[in-house]
Amino acid sequence: MKYFTSVHDVKSVEQMLQDALALKKNPLGFQHLGKGKTLGLVFLNQSLRTRLSTQKAGNNLGMNVIALNVGQESWTWEFDDNVVMNGAKVEHIKDAAAVMGQYCDVIGIRCFPSLTSREDDYNEKVINQFIKYCRVPVVSLESATRHPLQSFADLITITENWNKPSKPKVVLSWGHHIKPLPQSVANSFTEWMRNADVDFVVTHPEGYELSTEFTQGVKVTHNQDEALRGADFVYVKNWSSFEDYGQTPAVSGDWLLTPERMQITNNAKVMHCLPVRRNLEVSDSLLDGENSLILQQADNRLYAAQAVLKEILETNFF
Amino acid sequence: MKYFTSVHDVKSVEQMLQDALALKKNPLGFQHLGKGKTLGLVFLNQSLRTRLSTQKAGNNLGMNVIALNVGQESWTWEFDDNVVMNGAKVEHIKDAAAVMGQYCDVIGIRCFPSLTSREDDYNEKVINQFIKYCRVPVVSLESATRHPLQSFADLITITENWNKPSKPKVVLSWGHHIKPLPQSVANSFTEWMRNADVDFVVTHPEGYELSTEFTQGVKVTHNQDEALRGADFVYVKNWSSFEDYGQTPAVSGDWLLTPERMQITNNAKVMHCLPVRRNLEVSDSLLDGENSLILQQADNRLYAAQAVLKEILETNFF
Amino acid sequence: MKYFTSVHDVKSVEQMLQDALALKKNPLGFQHLGKGKTLGLVFLNQSLRTRLSTQKAGNNLGMNVIALNVGQESWTWEFDDNVVMNGAKVEHIKDAAAVMGQYCDVIGIRCFPSLTSREDDYNEKVINQFIKYCRVPVVSLESATRHPLQSFADLITITENWNKPSKPKVVLSWGHHIKPLPQSVANSFTEWMRNADVDFVVTHPEGYELSTEFTQGVKVTHNQDEALRGADFVYVKNWSSFEDYGQTPAVSGDWLLTPERMQITNNAKVMHCLPVRRNLEVSDSLLDGENSLILQQADNRLYAAQAVLKEILETNFF
């Protein structure tokens, strides 16, 4: 595996899942793999879990980690080709990426969508250029359309919390927010759940349909109650409109996940990728209750990142 | 010791002081203690000495260190419970702290006071929530009311500069500034001096009384000359009003510490925690003179931090 | 070597050049040199190549690296002596530098010119004060008038790309920009080329003369064609006026380096220190063409930094 940007980059999800669970028991057992190697972490946007868990994953594997906050510590990037660079953008991504590829053995990059140009975002204009020019293995730390390390950690978490022979019912439920958010976590979770042995349902208000690239063949309903009925896992997340791109069409009804709403589920576990808008997306009592998996999800970010980095270190020539 | 937030957390100040002096002679002698362990450093405010000395202290003890600038690199935190998070705050401290506690074995956190709500500040609303939710050992890198690593370094410095059988006279003297500063260094120094074998006096203009929680039983005078007479150590520091909380009441007289004022002392050493407003709090000639201890204090920050981290590594199960 | 701020600090450029080329083949061969030592990196300005390459150079030599973004993570610095610090500047450089010198064995510092006071800039007011007060070995990561690590990397690159017995013709050619830039790269490249075995020419529009401190004895022409004729290496870089200090006098003619202009050269290699304003300073087709050395220059930043740090570690007592 040279690139980890979506579930499609993974040869065997089941194998990598087992790897992550094994690393969780023995996180320092593979320090020789990264010895003398450099992991670069590039942030075009803010980060907490991703920043800390990936840095620690690199350390656990014996790598040196160097991080760069683009635009704060360094210069703003130009993403368009063939332009006369006489504006505010100081350095072309093709130069920045190529330079970093020379200093780093593996690079993780976080690049949120613009939410203004759907074409650019869904063509993954930023991460694809970065990959093209840096020439070394790249791990997505959340790109314009996907957040695969999060979804992998979510899959680990669901696996750890399900030991019945039947498939669990997993629901992705839209939640309120105060501003337009990317569709990346929702897209990515959908993509990974389609590849997992689960009964998967997405529910959201009208106008918030995800791209059919992700939801094709997936059960989707505007009726939250219908989705929640008998659910084993409920994942709450806000996203903005794909159709009316980056907008937040008026929503009818209250989509806050409350204990009352959960009564219709099969005593479901509650999931969220964090940061969560408490009492707007999900009630405090659910997030802090015994069925909450939010901290376990965050903890598994470390092992997801470490499994991905380990796979990259083992399958590439350096 | 699981938490280091004030002198009251220290079982034996004398023992930890001896530890710090021993570490100063052999800083790399305990690398095995931190091997494979992660020190997280969380900054809600700016830092120079604390950032660098604590990072180096962790390195010296063999730890991996990961730092996070909250609000710049990551998201702004909500500190109130049970609120609907529909404002500018993106993540609740309870989630952020709990997540970081999973990635880190020990966490240092810097969180200055608001200087607007005395109740919140003196209840240590931020660091106490952080401690509650992160569940791992925590070191204060300066909180709303105290700066214990600084005070510990100050104690080390005084110890190194006093070899007479009698108690030294130590004076904490208020200095001018251009804006309201926390009371934390003054509070903390007072707290540590009360626990040390010194003759301690605080002097400041009217209206700048510290909380009696800290000054109870301590000699306090508005007469700077009276305080300075016969002093062996003079520590200068600005702070804002506790009574008229966070305000800067008009000051009568000039509180700048000058060589002229120092003549009344017993050839006293000059101390300041830095950063110092030169020629506003203390004259250049004193700060740069042979009686200045400011650099020694800063140097001892490293050994203070290392002694605290060593004690934590030795007395907790990981 | 205790300080590396210009070519004049280097005992033998040829020896250090051979060292860098050897390190390029064996970058991890000297980890014992830096073991237990701390490299501090201080940034008063933005950085990409310098930040990452110097950090990696330190890691490659076994050092612990701690970085500080002054003014973002820490406090703004006062540079004037004997002032009453009652303004916006929070800490005097003399205190900050002295403190950091206690925590670090070697310090790299980046401090761009003001471009407002030529006297201050050309007296190297910032880095010279830093050196004076920190008392440990210092590496310039680009100062007000020079960028020696860049120039050293440029020399390595030219050496790698020239194997004829004759001297190569090396041209430094001014390029367009949208705002006033420092003269440091141009000064420094000139200084290093004067010390190298090359035929060196500088070309720029009228009004953009560099300080004669750097160009004395160097061929300078306002005729770009004349300079380019028969050139083996063309280095493009923008800078602002030295005479009308920090200003950008009107320029006659188009100084963009294009493939057409290059036809007059001896199939010259194209160089730039990056970040480059594409199609304003140099055409895309040249930067991305087979004669472009821009990535090799950036790559050599690592070995330049490592050779300098290695020399410092080997020739100082710690």
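Residue positions within a chain follow its written sequence, with the count starting from 1. Each chain takes a letter, starting from A, and each ligand takes a number, starting from 1, following the order in which they are written. Local features in a predicted model are, by the rule used here, given only for residues with pLDDT of at least 70; side-chain atom pairs are given and counted only at 80 or more, and totals for whole chains, interfaces and linings are based on all residues. As a convention, hydrogens and water are excluded, and side-chain values are obtained from all of the structure's heavy atoms.

1. Side note on the relation of the copies chain C and chain B
Relating one copy of the chain to the other takes a rotation about an axis and a shift parallel to that axis.
So, point 1. Each copy is superposed on the other by least squares, with the fit set by C-alpha atoms of residues at a pLDDT of at least 70 in both. Under the fitted operation, chain C is carried onto chain B by 0.0 Å of movement along the axis and a turn of 120 degrees, and the coordinates agree to an RMSD of 0.0 Å. Put plainly, the chains are arranged around a three-fold axis. By C-alpha distance to the rotation axis, the residue of chain C lying nearest is Gln72 of chain C, at 5.1 Å.
So, point 2. Each copy contacts the other with its own distinct surface, as only 3% of the interface residues of chain C are interface residues in chain B too. Two residues form a contact once any of their heavy atoms are found within 4.5 Å.

2. Considerations on the domain arrangement of chain A
All names here are of chain A.
So, point 1. For chain A, the assigned domains are domain 1 (3–146 + 301–315) and domain 2 (162–292).
So, point 2. By convention here, the domain bounds are inherited from an automatic or database domain assignment. The C-alpha centroid of domain 2 is placed 27 Å from the C-alpha centroid of domain 1.
So, point 3. Accessible area, probed at 1.4 Å, shrinks when two parts are joined; the buried area is that loss added up over both. When the two sides are added together, the surface that domain 1 and domain 2 hide from each other amounts to roughly 1,600 Å², 59% of it contributed by carbon and sulfur.
So, point 4. In terms of surface lost to domain 2, no three residues of domain 1 exceed Leu115, Arg118 and Tyr122, which account for 41% of the buried area on that side.
So, point 5. Take a side-chain nitrogen of Lys or Arg and a carboxyl oxygen of Asp or Glu: if they are within 4 Å of each other, that pair is a salt bridge. Here domain 1 is connected to domain 2 by two salt bridges.
So, point 6. A salt bridge links Arg146 to Glu191; its shortest N-O distance comes to 2.8 Å.
So, point 7. Any pair of nitrogen or oxygen atoms within 3.5 Å is treated as a polar contact; in protein, a donor-acceptor pairing is required on top of that, and neighbouring residues in sequence qualify only through side-chain atoms on both sides. Applying the counting criterion to the domain 1 and domain 2 interface returns nine residue pairs in polar contact (both at pLDDT 80 or more).
So, point 8. Numbering goes from the N terminus for both helices and strands, where a helix is a DSSP run of H or I of at least four residues and a strand is a run of E of at least two. Of all elements in the fold, only α1 (13–25) and α5 (118–122) reach the threshold of two or more residues within the side of domain 1 that touches domain 2.
So, point 9. Top contributing element to the side of domain 1 that touches domain 2 by residue count: α5, with three residues.

3. Looking at the layout of surface pockets
Rolled over the atoms, a probe sized like a water molecule indicates the empty space that remains.
So, point 1. Taken as a whole, the largest pocket spans an internal volume of roughly 1,800 Å³.
So, point 2. Only protein atoms enter the 1 Å grid, on which a cavity is a set of points fitting a 1.4 Å probe that cannot get out and a pocket is an open set with protein on both sides within 12 Å along at least 5 of 7 lines, lining residues being those with an atom within 4 Å of a point. Asn64 of chain A, Asn59 and Asn64 of chain B together with Asn59 and Asn64 of chain C are the residues nearest the centre of the largest pocket, which is lined by 48 residues in total.
So, point 3. Put simply, the parts of the chain that give the lining of the largest pocket at least two residues each are α3 (49–60) and β3 (64–69) of chain A, α3 (49–60) and β3 (64–69) of chain B together with α3 (49–60) and β3 (64–69) of chain C.
So, point 4. All amino acids are sorted into three groups, where Ala, Val, Leu, Ile, Met, Phe, Trp, Tyr, Cys and Pro are nonpolar, Asp, Glu, Lys and Arg are charged, and the leftover types, Gly among them, are polar. Partitioning the lining of the largest pocket into residue classes produces 17 nonpolar, 22 polar and nine charged. Grid points are joined across faces, edges and corners, and a volume is the space filled by probe spheres set on the points.

4. Side note on the side chain of Thr215 of chain C
Residue and element names in this part refer to chain C.
So, point 1. Mapped onto the elements of the fold, Thr215 is located in helix α9 (residues 212–215).
So, point 2. The class of Thr215 is buried, set by a relative accessible area of 12%.
So, point 3. Not counting the four nearest positions on each side in its chain, Thr215 is found in contact with Thr190, Arg194, Leu210 and Val220. Whether a residue is buried, partly exposed or exposed follows from its accessible area with a 1.4 Å probe, protein chains only, as a fraction of its type maximum: under 20%, in between, or over 50%, in that order.

5. Structural notes on the relation of the copies chain A and chain C
So, point 1. The operation relating chain A to chain C is a screw motion whose rotation component is 120 degrees, with 0.0 Å of axial translation and a residual RMSD of 0.0 Å.
So, point 2. Comparing interface residues between copies, only 3% of those in chain A also lie at the interface in chain C; the contact surfaces differ.

6. Examining the UniProt feature "binding site: N(2)-succinyl-L-ornithine" (unreviewed entry) in chain A
So, point 1. UniProt positions are given in the numbering used here, feature names are shortened, and annotations may be inferred rather than shown by experiment. The UniProt record annotates "binding site: N(2)-succinyl-L-ornithine" (unreviewed entry) at Glu142, His177, Lys237 and Arg277 of chain A.
So, point 2. If near-sequence neighbours (up to four positions away) are discounted, Glu142 of chain A is found in contact with Ile109, Arg110, Cys111, Phe112, His147 and Ser184 of chain A.
So, point 3. A polar side-chain atom of Glu142 of chain A sits 3.5 Å from a polar atom in the side chain of Arg110 of chain A.
So, point 4. At a separation of 3.0 Å, a polar atom in the side chain of Arg277 of chain A contacts the main-chain carbonyl oxygen of Met85 of chain B.

7. Re the UniProt feature "domain: Aspartate/ornithine carbamoyltransferase Asp/Orn-binding" (unreviewed entry) in chain A
So, point 1. Those places that UniProt annotates as "domain: Aspartate/ornithine carbamoyltransferase Asp/Orn-binding" (unreviewed entry) correspond, in this numbering, to residues 184–310 of chain A.
So, point 2. With 35% helix and 13% strand, residues 184–310 of chain A has end C-alpha atoms that lie 24 Å from one another.

8. Digging into the interface of chain A and chain C
So, point 1. In this complex, chain A contributes 34 residues to the contact, which on the side of chain C involves 32 residues.
So, point 2. For the pair chain A and chain C, the summed buried surface comes to about 2,800 Å²; carbon and sulfur atoms form 54% of the total.
So, point 3. Three residues, Glu73, Trp75 and Tyr103 of chain A, lead the burial of chain A against chain C; their summed loss comes to 26% of the area buried on that side.
So, point 4. The interface formed by chain A and chain C contains four salt bridges.
So, point 5. Ionic pairing is found between Asp288 of chain C and Lys94 of chain A, a salt bridge with its closest N-O pair at 2.8 Å.
So, point 6. For the interface between chain A and chain C, the tally reads 15 residue pairs in polar contact (both at pLDDT 80 or more).
So, point 7. Where the side of chain A that touches chain C is concerned, the elements lending two or more residues are β3, β5 (91–92) and α4 (93–103) of chain A.

9. So, the packing of α3 of chain C against helix α13 (residues 294–315) of chain C
Residue and element names in this part refer to chain C.
So, point 1. To define axes, lines are fitted to C-alpha atoms, for helices over the stretch in contact only, and angles between the resulting N-to-C directions are given on a 0 to 180 degree scale. Closest axis-to-axis distance for the α3/α13 pair is 8 Å, and the angle between their directions is 45 degrees. Accordingly, the angle class assigned to the pair α3 and α13 is oblique. Judged by the twist between their axes, the crossing of α3 over α13 is right-handed. Each of Arg49, Thr50, Ser53, Thr54, Lys56, Ala57, Gly58 and Asn60 in α3 lies in contact with α13, whose residues at this interface are Ala298, Arg301, Leu302, Ala305, Gln306 and Leu309.
So, point 2. Tallied by class, the residues present in the contact of α3 with α13 amount to five nonpolar, six polar and three charged. Oblique is the label for every angle not falling under 35 degrees (roughly parallel), over 145 degrees (roughly antiparallel), or within 65 to 115 degrees (roughly perpendicular). Note on convention: the crossing is left-handed when the near helix lies turned anticlockwise from the far helix by less than a right angle, right-handed when the turn is clockwise.

10. Notes on the sheet that holds strand β6 (residues 106–110) of chain C
Residue and element names in this part refer to chain C.
So, point 1. The five strands lie next to each other as β1-β7-β6-β2-β3, forming an open sheet whose pairing is parallel. Of all the strands in the sheet, just β1 (3–4) and β3 have a single pairing partner and so form its edges.
So, point 2. Note: β6 against strand β7 (residues 138–140), three bridges, orientation parallel. Opposite Ile109, over in β7, you have Ser140 as the bridge partner. At least two DSSP bridges between two strands are needed for those strands to be called paired.

11. Quick look at the sheet that holds β3 of chain A
So, point 1. As summarised here, the arrangement of the five strands in space is β1-β7-β6-β2-β3 (chain A), forming an open sheet in which the pairing is parallel. One side of each edge strand has no neighbouring strand; the edge strands of this open sheet are β1 (3–4) and β3 of chain A.
So, point 2. As defined by bridge partners, strand β2 (residues 38–43) of chain A adjoins β3 of chain A across six bridges and the pair is classed as parallel. Residue pairing in the sheet places Phe43 of chain A in a bridge with Asn69 of chain A of β3 of chain A.
So, point 3. Across the sheet, α3 of chain C is in contact with β2 and β3 of chain A; its angle to β3 of chain A comes to roughly 165 degrees.

12. Structural notes on the interface of chain C and chain B
Where interface size is given, it is often the accessible area lost as the parts come together that is meant.
So, point 1. Across the contact, 34 residues belong to chain C and 32 residues belong to chain B.
So, point 2. Ranking the residues of chain C by area buried against chain B places Glu73, Trp75 and Tyr103 of chain C at the top, with a combined share of 26%.
So, point 3. Here chain C is connected to chain B by four salt bridges.
So, point 4. Where Arg49 of chain B meets Glu91 of chain C, a salt bridge forms, and the shortest distance between an N and an O atom there is 2.9 Å.
So, point 5. At the surface where chain C touches chain B, the tally comes to 15 residue pairs in polar contact (both at pLDDT 80 or more).
So, point 6. Secondary structure elements with two or more residues in the side of chain C that touches chain B: β3, β5 (91–92) and α4 (93–103) of chain C.
So, point 7. Here the side of chain C that touches chain B gets eight residues from one element, more than from any other, and that element is α4 of chain C.
So, point 8. A breakdown of the residues in the side of chain C that touches chain B according to their chemical character gives 17 nonpolar, eleven polar and six charged.

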